[in-house]
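# A closer look at the structure
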Amino acid sequence: MKLGVVGLPNVGKSTLFNAITGAGAQAANYPFCTIEPNAGVVAVPDDRLTKLGEMYHPKKVTPATVEFVDIAGLVKGASRGEGLGNKFLSHIRECEAIVHVVRCFEDENIIHVDGSVDPARDIETINLELIFADMETVSKREEKARKLVKTGEKKYAEEADLALRVLSHLEAGKPARTCPLNDAERETVRGWFLLTTKPVIYAANIAEDQVGEGEDEIPFVQQVKAIAEGEGAEVLVISARIEEEIAQMEPDEKAEFLEELGIGQSGLDRLIRKCYHLLGLISFLTAGEDECRAWTIVKGTKAPQAAGKIHTDFERGFIRAEIVPFDTLNTLGSMNACREKGLVRSEGKDYVMQDGDVTLFRFNV
């Protein structure tokens, strides 16, 4: 899973990226500090995997991972190549979802590229640049389909009409992901690789002294939430500076600090959970003496395709999946105890995997 971290210059984007990945992207008080995208891979927090490690004492424990890509700051005109626009847009295209960092704090020592803090304006600036880029893409699709209508194939006329509908939606200043489409139309549009079809999490970056109770009542945050609700996007209220401090702490110190702040989980943990929810992802687990591991799949994935995540041979020669829910295994303490009580299920090729399934695949190639 690759997530693009975007935002206008000086909104705290690279500071947040540094905090959650430890990848060390340079952060400075001027635009375009981040020229090339920095990438950082982080482990998905999963207490179940820790428990399996304690149970099996394997040679290694391998969590699922998320790759964050810190993408260069954007200015008006990026869709026409202004600033670092072309690079910015191409890097977003490669990501599954967008984490859009929005400045929701005042600080006279940190220059805002537009001279003042205004989350609604900042969101519109980036969204419009993505929309302009998509309008160009969709226009080309419409022209191409229209030329092919003369072949007599009905699908080209349908695609041209669909492109006009999507274009009209974009011209109204709305992202393509909010365009009313049926499943077949959505599948066609997915093949156009539009920037505004990507799911978005708005990271409302607040000041350190605003963290804790009442942060949802901050007027800037409420602006972001209202926009997100209209788009079907997610919102994460976070302080990049606080996350920077948390990233440097030992686990015990970190837990105590989070409790004092009254936020329970770090911003990274909350961000990853929101990403999983937004993208419809779950994890299944494999366990043994060699390795305990978490695997990320899309909700609704069937057993053979889940097996294919481990190795293509597992999917090709799939026989069955032996499954016990993690909670059952954790309660009884071992796979043998689960077998004795008849709680290890044998599932076939039509079984839909569930979050937390501890799984052993049987296959023959």
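For the structure, check the block above.
These numbers were taken from a predicted model, which means no experiment stands behind them.

## Topic: the sheet that holds strand S7 (residues 234–238)
Taken in spatial order, the 6 strands of this open sheet run S2-S4-S1-S5-S6-S7, and their pairing is mixed. Of all strands in the sheet, those bounded by a partner on one side alone are strand S2 (38–43) and S7. Between one strand axis and the next, the sheet turns by 25° as a mean value, whatever way the strands run. Across 5 bridges, strand S6 (residues 200–205) lies against S7 in parallel orientation. Along S7, the bridge assignment pairs alanine 204 with valine 237.

## Here's the deal with the pairing of strand S5 (residues 97–103)
In terms of burial, S5 is largely enclosed, as 7 of its 7 residues are buried. Both faces of S5 are covered, namely the face carrying Ala97, Val99, Val101 and Arg103 and the face carrying Ile98, His100 and Val102. Here strand S1 (residues 2–6) pairs with S5 via 4 bridges, running parallel. In the sheet register, valine 5 faces S5, and the bridge partner there is valine 99.

## A word on the nonpolar core
By size, the foremost hydrophobic cluster in this structure holds 72 residues, and its most contacted members are Phe68, Cys104, Tyr202, Leu271 and Ile272. Core analysis: the second largest hydrophobic core is formed by 14 residues, Met135, Leu162, Val166 and Cys179 among them.

## Considering a negative patch on the surface
Residues Glu250, Asp252, Glu253, Glu256, Glu259 and Glu260 make up a contiguous surface patch of negative charge. Its location among the elements puts glutamate 253 in helix H9 (residues 251–261). When its relative accessible area of 44% is taken as the criterion, glutamate 253 is described as partly exposed.

## Brief notes about the environment of serine 334
Within the secondary structure, serine 334 is located in the loop between helix H13 (326–332) and helix H14 (335–340). Residue class for serine 334 comes out partly exposed when judged on its relative accessible area of 28%. Along the sequence, serine 334 and methionine 55 sit 279 residues apart, while their C-alpha atoms lie 7.4 Å from each other. At 3.1 Å, the side chain of serine 334 forms a polar contact with the backbone nitrogen of alanine 337.

## What to know about unusual backbone geometry
Backbone geometry at histidine 57 places phi at a positive 45°, although glycine is not the residue there. Note on placement: histidine 57 falls in the loop between helix H2 (47–56) and strand S3 (60–62). The phi dihedral of phenylalanine 193 is positive, around 55°, even though this residue is not glycine. By the secondary structure assignment, phenylalanine 193 is in the loop between helix H6 (183–190) and S6.

## As for the packing of aromatic side chains
As enumerated under the stated definition, the model contains 4 aromatic pairs in all. Pairing phenylalanine 284 with phenylalanine 361 gives two aromatic rings, centres 5.9 Å apart and planes at 85°, and the pair type is edge-to-face. Taken together, the residues span a long stretch of sequence, with phenylalanine 284 in strand S8 (residues 281–286) and phenylalanine 361 in strand S12 (residues 357–363) at a distance of 77 residues. Summarising the burial analysis for this pair, phenylalanine 284 and phenylalanine 361 share the class buried. A connected cluster of aromatic rings, assembled from ring pairs, spans Phe284, Trp295, Phe318 and Phe361. The ring of phenylalanine 105 carries arginine 103 above its face, with NZ or CZ at 4.6 Å from the centroid.

## Examining the pattern of salt bridges
Applying the stated criterion across every chain, the model contains 25 salt bridges. Across the pair glutamate 291 and lysine 60 runs a salt bridge, and its minimum N-O distance is 4.0 Å. Pair noted here: glutamate 291 is in strand S9 (residues 291–298) and lysine 60 is in strand S3, with a separation of 231 residues, a long-range link. Close ionic contact of aspartate 350 with lysine 302 constitutes a salt bridge, the shortest N to O distance being 3.9 Å. With aspartate 350 in the loop between strand S11 (345–347) and S12 and lysine 302 in the loop between S9 and helix H11 (303–310), this residue pair connects regions lying 48 residues apart in the sequence. Using a relative accessible area of 55% as the deciding quantity, one classes aspartate 350 as exposed. Classification of lysine 302 by relative accessible area gives partly exposed; the value is 35%. One continuous salt-bridge network, built from bridges that share partners, spans Arg320, Glu322, Arg339 and Arg362.

## Details of the pairing of S8
Among the 6 residues in S8, 6 count as buried, and that is most of the element. Taken together, the 6 bridges between S8 and S9 define a ladder with antiparallel strand orientation. The residue bridging phenylalanine 284 from the neighbouring strand is tryptophan 295, located in S9. Count of turn residues in the S8/S9 antiparallel hairpin: 4 residues.

## As for helix H1 (residues 13–21)
Within H1, 9 of the 9 residues are buried, which leaves the element mostly enclosed by the surrounding structure. Taken together, the buried positions of H1 are occupied by Lys13, Ser14, Thr15, Leu16, Phe17, Asn18, Ala19, Ile20 and Thr21. One or two steps after H1, the chain reaches glycine 22, where phi turns positive at roughly 65°.

## Quick look at H11
Taken together, the buried positions of H11 are Ala303, Pro304, Ala306 and Ala307. Buried positions in H11, seen along its axis, are confined to an arc of 160° and lie on one side of it. The secondary structure elements touched by the buried residues of H11 are S8, S9, helix H12 (312–316), strand S10 (318–325) and S12.

Definitions and cut-offs
- Residues numbered from 1 in each chain as written.
- Predicted model: local features only at pLDDT ≥ 70, side-chain atom pairs only at ≥ 80, totals over all residues.
- Heavy atoms only, no water.
- Pairing = 2+ DSSP bridges.
- Helix = DSSP H or I, 4+ residues; strand = E, 2+ residues; numbered from the N terminus.
- Axes fitted to C-alpha atoms, helices over the stretch in contact; angles between N-to-C directions.
- Buried < 20%, exposed > 50% of the residue type's maximum accessible area, 1.4 Å probe, protein only.
- Core = buried A, V, L, I, M, F, W, Y, C linked by side-chain atoms within 4.5 Å.
- Patch = residues over 30% accessible without salt bridge, like charges linked within 9 Å, V, L, I, M, F, W, Y side chains within 5 Å.
- Areas by Shrake-Rupley, 256 points an atom, 1.4 Å probe, with all protein chains shown as cover.
- Salt bridge = Lys/Arg side-chain N within 4 Å of Asp/Glu carboxyl O.
- Lys, Arg positive; Asp, Glu negative; His and termini not counted.
- Charge placed at Lys NZ, Arg CZ, Asp CG, Glu CD.
- Polar contact = N/O pair within 3.5 Å; in protein donor to acceptor, adjacent residues only side chain to side chain.
- Phe/Tyr/Trp six-rings, centres within 6.5 Å; stacked < 30°, edge-to-face > 60°.
- Lys NZ or Arg CZ within 6 Å of the ring centre and 35° of its normal.
- Arc of directions from axis to C-beta.
- Contact = heavy atoms within 4.5 Å.

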